[in-house]
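# Descriptive structure summary
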2 protein chains.
Amino acid sequence: MPRAAKFDEEQILAAAGRLIAAHGPSGATIAAIARAVGAPTGSIYHRFDSRDVLLASVWLRAAATFQDSFFEQLAGPTPREAGLAAALYMAQRVRENPREARLLLLHRREDFVDRGWPPAMRRRAEQLGRQVETELRAFSRRLCGSEHARTVRIVAYAVLEAPFAAVRRHIAVNESPPSYVDVLIQVTYEAVIGLLGI
Amino acid sequence: MPRAAKFDEEQILAAAGRLIAAHGPSGATIAAIARAVGAPTGSIYHRFDSRDVLLASVWLRAAATFQDSFFEQLAGPTPREAGLAAALYMAQRVRENPREARLLLLHRREDFVDRGWPPAMRRRAEQLGRQVETELRAFSRRLCGSEHARTVRIVAYAVLEAPFAAVRRHIAVNESPPSYVDVLIQVTYEAVIGLLGI
DNA sequence: GAGTAAATAGAATATGTGTTCTAAATGACC
DNA sequence: GGTCATTTAGAACACATATTCTATTTACTC
């Protein structure tokens, strides 16, 4: 009975994602999103309750996708190799999906939403945050038998924060990370994991 | 002859800096700044031509101050030690001046200004950017005799980006970086500089 | 082809925020 | 005390942007 849909959620989320990658969250105005999709502003509201919900959805989808792949690497059979694979995967993922990288790595979660996250989505975001902590703790235990907070932070530096530091500038200037960043990531990983005395 | 000033530039810049450190650039609205200083909005415009000029001033002042101190470390007598001193200085500076750290490290330059930087201040910002490149190149030459782009990027990772990665999370949750981040910074520095074969 | 539910369309509205404008207050100097 | 430049004061204005509202269109069913 209904009229055929001309703009679906997927299209709108994708357009918003492109705008955010190009101009940051503040560039993803309802008007800009509507223009990018070729729809009037009202049609955006037919799919999403508010701009906050829309942008939160964009962030959540990207974060969940990235995290799933990343932690899949980290769960590989031999911990020490899995950690290195995950660290290197960060650079690889940035090369393969620069738009997602700009979206996730150039802005913080709280930059996405103006008035505070809608409750349901905030819960989902907290859940994703907990996943990070949980997976890092599990990896830390597998790697060196400790879940001490300091140990987990050190491990997080080796697999997440240092790799991010190595690619950050390239993301910012919108170019693919050159191959020597892999060397930086690996050298940092080996040196830092060496600290844990395995 | 004139009436005594009740609000000076310094006060206003400081208030804006506090607001940005606490809530990000978008939290530093003219109304919020005026409230923080105890002035009506008109008085802000008596000192600054526009909000863009005001926020740009805040960023420029903080960036110049930080860079001067950082590159002073980097210019120390023996390059290899100077590089380590500079890398560690990043963490120390964050401990001593967390507000400045949040201001500079949690947001990018372009997040500060809405409509584009006023020309004069953009030139100043570009000048600061060039200072970074120039000083890093000079340091790279002193350290290993090369100014090759790749070498400079590796050096930048060792003295700037990795140290930043080590403190980032602590800045974000507003706590002082614990002492083990110094270890992470040092270990990364040694390992990465070792790559250059000195 | 009439009925109808869903979707598009875009004008109208609301609101937050940067900016301007005019009046009043202040303090130094004659 | 009058004069004057500067500053405070805050209301008024402009503008961008999110949101709402009321048609209108569309495609499917009977």
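Quick caveat: nothing in here was measured; it's all calculated off a predicted structure. (Residues numbered from 1 in each chain as written. Chains lettered and ligands numbered in written order. Predicted model: local features only at pLDDT ≥ 70, side-chain atom pairs only at ≥ 80, totals over all residues. Heavy atoms only, no water.)

## Topic: the relation of the copies chain A and chain B
When chain A is brought onto chain B, the operation consists of a screw motion whose angular component is 180° and whose axial shift is 0.0 Å, with 0.1 Å RMSD remaining. The relationship between the two copies is best expressed as a two-fold rotation axis. Taken as a fraction of all interface residues of chain A, those also at the interface in chain B reach 100%, which identifies the copy contact as same-surface. (Least-squares fit on C-alpha atoms with pLDDT ≥ 70 in both. Contact = heavy atoms within 4.5 Å.)

## Description of the packing of helix H1 (residues 9–23) of chain B against helix H2 (residues 30–37) of chain B
Residue and element names in this part refer to chain B. Two elements in contact, H1 and H2, have axes whose closest approach is 9 Å; the angle formed by their N-to-C orientations is 115°. As for the relative orientation of H1 and H2, their crossing is right-handed in sense. On H2, the residues that touch Gln 11, Ile 12, Ala 15, Ala 16 and Leu 19 of H1 are Ala 32, Ile 33, Ala 36 and Val 37. Looking at side-chain class alone, the contact of H1 with H2 contains 8 nonpolar, 1 polar and no charged residues. (Axes fitted to C-alpha atoms, helices over the stretch in contact; angles between N-to-C directions. Helix = DSSP H or I, 4+ residues; strand = E, 2+ residues; numbered from the N terminus. Left-handed = near helix turned anticlockwise from the far one by under 90°. Nonpolar A, V, L, I, M, F, W, Y, C, P; charged D, E, K, R; others polar.)

## Considering the domain arrangement of chain A
Residues and elements named next belong to chain A. Domain annotation for chain A reports domain 1 (1–48) and domain 2 (52–195). Between the C-alpha centres of domain 1 and domain 2 the distance comes to 28 Å. Taken together, the contact pairs 16 residues of domain 1 with 12 residues of domain 2. Summed over both sides, the interface of domain 1 with domain 2 buries roughly 1,200 Å², with 76% coming from carbon and sulfur. Its largest share of buried area at the contact with domain 2, domain 1 owes to Leu 13, Ala 21 and Pro 25, together 44% of the area lost on that side. Joining domain 1 to domain 2, the criterion identifies 1 salt bridge. (Domains from an automatic or database assignment. Buried area = accessible area lost by both parts, 1.4 Å probe. Salt bridge = Lys/Arg side-chain N within 4 Å of Asp/Glu carboxyl O.)

## Brief notes about the pattern of salt bridges
Should their charged atoms come close, side chains of opposite charge can pair. If you walk through the whole model with that rule in mind, you get 23 salt bridges over all chains. As a salt-bridge pair, Arg108(A) and Asp111(A) come within 3.9 Å of each other at their nearest N and O atoms. Owing to a relative accessible area of 32%, Asp111(A) belongs among the partly exposed residues under this scheme. If you follow the salt bridges from partner to partner, you end up with Glu133(A), Arg153(A), Glu161(A) and Arg169(B) in one network. (Buried < 20%, exposed > 50% of the residue type's maximum accessible area, 1.4 Å probe, protein only.)

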